[in-house]
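Read off the chains here:
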Amino acid sequence: MFSLPSCGFPPGAPASPTVQRRGTGCSFGAAAILQYESVKSRVQLAIEEAKEEKRDTLLEGHNTTYWHNWWNQLSNFQKQVILLISAVDDFWSGLSEGQKTVTGLIALNTVVLCCWRVPAMQRFLVKYFTSNPASKTRCLPMVLSSFSHYSVIHMVVNMYVLWTFSSGIVSLLGREQFLALYLSGGVISTFVSYVFKTATGRLGPSLGASGSIMTVLAAVCTKIPEAKLGIVLLPVISFSAGNALKALVALDIAGLLLGWRFFDHAAHLGGALFGVWYIGYGHELIWRKREPLIKFWHELRNMSPGRPGPGGGGG
């Protein structure tokens, strides 16, 4: 997370811990429901694809002739457009589940970055897309600031790191749990930043996805500490994921003690510690206990109009 120069806001108190608990609970609750809906839709899609495959097998000869004639009737421009769409579809199909998920996050961050270039939107973005304990609006920015970058270089670096670790973390946790962890990491890292800024009196706005990304990075490094990492510009140098995490945490602690203000080191440290905690304890405490919510949602989802709601009698 990147720290902006202080804008002269009056001092204020950080958001209540209740906000971060509710934000984290909502993230994982929504992720559990999303996973339920995703699995259900995949099962239905598999059934439909099986029916279509059987039908296409029966009509294979007819379909081949039909599509051959249809293709010959197209103009060269239409054929080029179809080939381009086919190439994009092949590229998308070749991406891992994690890369597909992160592509959506990159798109959101890119849209917000472009909005920062519109003068009429700057006041709105400062209010809702920068986190500042001195601002009157403190809750929404805890989430929205994680999708906000003012500098192109800052966003590119953050999104590159996220893209690099996306396949690993999504294969370990699944798409829905990853998104919940990412959003919760943004909320918790911002809360830690609020507390530190208020305690030291160094009030000022911050923005960026670094807190969420540190959560993801710490989760991967904690889950697979022996994995080998490297530096893009120095491919001959490699180090273990566990040592990389220790070095990053040490760097952020040094930044806090020495008063470095270019980055929001408190947010980085909060995100990293949350990632370590989640892999060690949070997964069992939160994600493994989602079954009652899924059961409730399943009953609610399949409830007929005249049937009483789950856990209660008729109206």
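Residues numbered from 1 in each chain as written. Predicted model: local features only at pLDDT ≥ 70, side-chain atom pairs only at ≥ 80, totals over all residues. Heavy atoms only, no water.

Draft legend 1. Spatial organisation of the overall build of the protein. Helices and strands together make up the secondary structure of the protein, namely 12 helices and 4 strands. A buried classification covers 37% of the 315 residues belonging to the protein. The long-range share in the protein, meaning contacts at least 24 apart out of those at least 6 apart in sequence, stands at 75%. For the protein, the exposed area adds up to about 18100 Å²; of that, 66% sits on carbon and sulfur atoms. (Helix = DSSP H or I, 4+ residues; strand = E, 2+ residues; numbered from the N terminus. Buried < 20%, exposed > 50% of the residue type's maximum accessible area, 1.4 Å probe, protein only. Contact = heavy atoms within 4.5 Å. Areas by Shrake-Rupley, 256 points an atom, 1.4 Å probe, with all protein chains shown as cover.)

Draft legend 2. Structural context of the packing of helix H4 (residues 97-115) against helix H8 (residues 175-200). The contact between H4 and H8 brings their axes to 10 Å, and the two run at 40°. Taken together, the axes of H4 and H8 lie oblique to each other. Considering how the two elements wind past one another, H4 and H8 form a crossing that is right-handed. Contacts from Glu 97, Thr 101, Val 102 and Leu 105 in H4 reach Arg 175, Phe 178, Leu 179 and Tyr 182 in H8. Split by residue class, the contact of H4 with H8 holds 5 nonpolar, 1 polar and 2 charged. (Axes fitted to C-alpha atoms, helices over the stretch in contact; angles between N-to-C directions. Parallel < 35°, antiparallel > 145°, perpendicular 65-115°, else oblique. Left-handed = near helix turned anticlockwise from the far one by under 90°. Nonpolar A, V, L, I, M, F, W, Y, C, P; charged D, E, K, R; others polar.)

Draft legend 3. Just helix H10 (residues 241-258), in detail. Here H10 spans 26 Å end to end across 18 residues, near enough to the 26 Å set by a 1.5 Å rise per residue. The complete set of buried residues in H10 reads Ala 241, Gly 242, Ala 244, Leu 245, Val 249, Asp 252, Gly 255 and Leu 256. The buried residues of H10 occupy one face: seen down the axis, they fall within an arc of 165°. Exposed and facing more than 90 degrees away from the buried side of H10 are Lys 246, Leu 257 and Leu 258. (Expected span 1.5 Å × (residues − 1). Arc of directions from axis to C-beta.)

Draft legend 4. Looking closely at the environment of Leu 172. By secondary structure assignment, the location of Leu 172 is in helix H7 (residues 152-173). With a relative accessible area of 34%, Leu 172 lands in the partly exposed category. Residues Leu 172 and Val 220, spaced 48 residues apart in sequence, show a C-alpha to C-alpha distance of 8.4 Å. In this structure, Leu 172 is in contact with Lys 223 and Ile 224, ignoring residues within four places of it in sequence.

Draft legend 5. View of the nonpolar core. Counting residues in each nonpolar core, the largest one holds 43 residues, and the members touching the most others are Leu 162, Ile 169, Phe 178 and Tyr 182. Elements represented by at least two residues in this core include exactly helix H1 (17-58), H4, H7, H8, helix H9 (210-223), H10 and helix H11 (265-285). By residue number, the principal contributor to this core is H9, which donates 8 residues. Not counting chain neighbours up to four residues away, the residues in contact with Tyr 182 comprise Leu 105, Ser 146, Phe 147, Leu 162, Ala 209, Ser 212, Ile 213 and Val 216. Counting 6 residues, the second largest nonpolar core, distinct from the first, contains Cys 115, Trp 116, Leu 125 and Leu 207. (Core = buried A, V, L, I, M, F, W, Y, C linked by side-chain atoms within 4.5 Å.)

Draft legend 6. Molecular detail of the packing of aromatic side chains. For the structure shown, the criterion picks out 7 aromatic pairs. Their ring planes at 50° and their centres at 6.1 Å tell us that Phe 124 and Phe 129 sit as a pair that is tilted. A cation over a ring is seen here: Arg 117 above Tyr 150, with NZ or CZ 5.1 Å from the ring centre. (Phe/Tyr/Trp six-rings, centres within 6.5 Å; stacked < 30°, edge-to-face > 60°. Lys NZ or Arg CZ within 6 Å of the ring centre and 35° of its normal.)

Draft legend 7. The side chain of Asn 132, seen in detail. Position of Asn 132 among the secondary structure elements: in the loop between helix H5 (122-128) and helix H6 (140-144). From its side chain, Asn 132 meets the backbone nitrogen of Ala 134 in a polar contact 2.9 Å long. (Polar contact = N/O pair within 3.5 Å; in protein donor to acceptor, adjacent residues only side chain to side chain.)

Draft legend 8. Quick look at the confidence of the model for the protein. Model confidence for the protein is summarised by a mean pLDDT of 81, while 83% of its residues fall at 70 or above. In the predicted structure, residues 5-13 sits below a pLDDT of 50 and forms 18 contacts with residues beyond four places in sequence or in another chain. (pLDDT = per-residue confidence, 0-100.)

Draft legend 9. Looking closely at the state of the cysteines. The final tally for this structure, using the stated rule, is 0 disulfides. Cys 114 takes part in no disulfide bond, and the closest cysteine sulfur to it belongs to Cys 115, at a distance of 7.0 Å. The exposure class assigned to Cys 114 is partly exposed, which follows from its relative accessible area of 47%. (Disulfide = S-S within 2.5 Å.)

Draft legend 10. Just the environment of Val 192, in detail. In this fold, Val 192 is placed in helix H8. Remark: the alpha-carbon pair of Val 192 and Leu 269, spanning 77 residues in sequence, is separated by 8.3 Å. When sequence neighbours within four positions are dropped, the list of residues in contact with Val 192 reads Ala 266 and Gly 270.

Draft legend 11. Seen up close, the pattern of salt bridges. With the rule as written, the count across this model stands at 3 salt bridges. Its salt-bridge partner being Glu 97, residue Arg 175 comes within 3.8 Å of it at the nearest N-O pair. Linking Arg 175 in helix H8 with Glu 97 in helix H4, this pair joins segments that are 78 residues apart in sequence. Using a relative accessible area of 36% as the deciding quantity, one classes Glu 97 as partly exposed. Two residues, Lys 197 and Asp 264, come together in a salt bridge whose shortest N-O distance is 3.8 Å. A residue pair is termed long-range when its members are at least 10 positions apart, and Lys 197 in helix H8 and Asp 264 in the loop between H10 and H11 qualify at 67 residues. Of the two residues examined, Lys 197 and Asp 264, each falls in the buried class. Beyond isolated ion pairs, a larger network of salt bridges with shared partners links Glu 97, Arg 175 and Glu 176. (Salt bridge = Lys/Arg side-chain N within 4 Å of Asp/Glu carboxyl O.)

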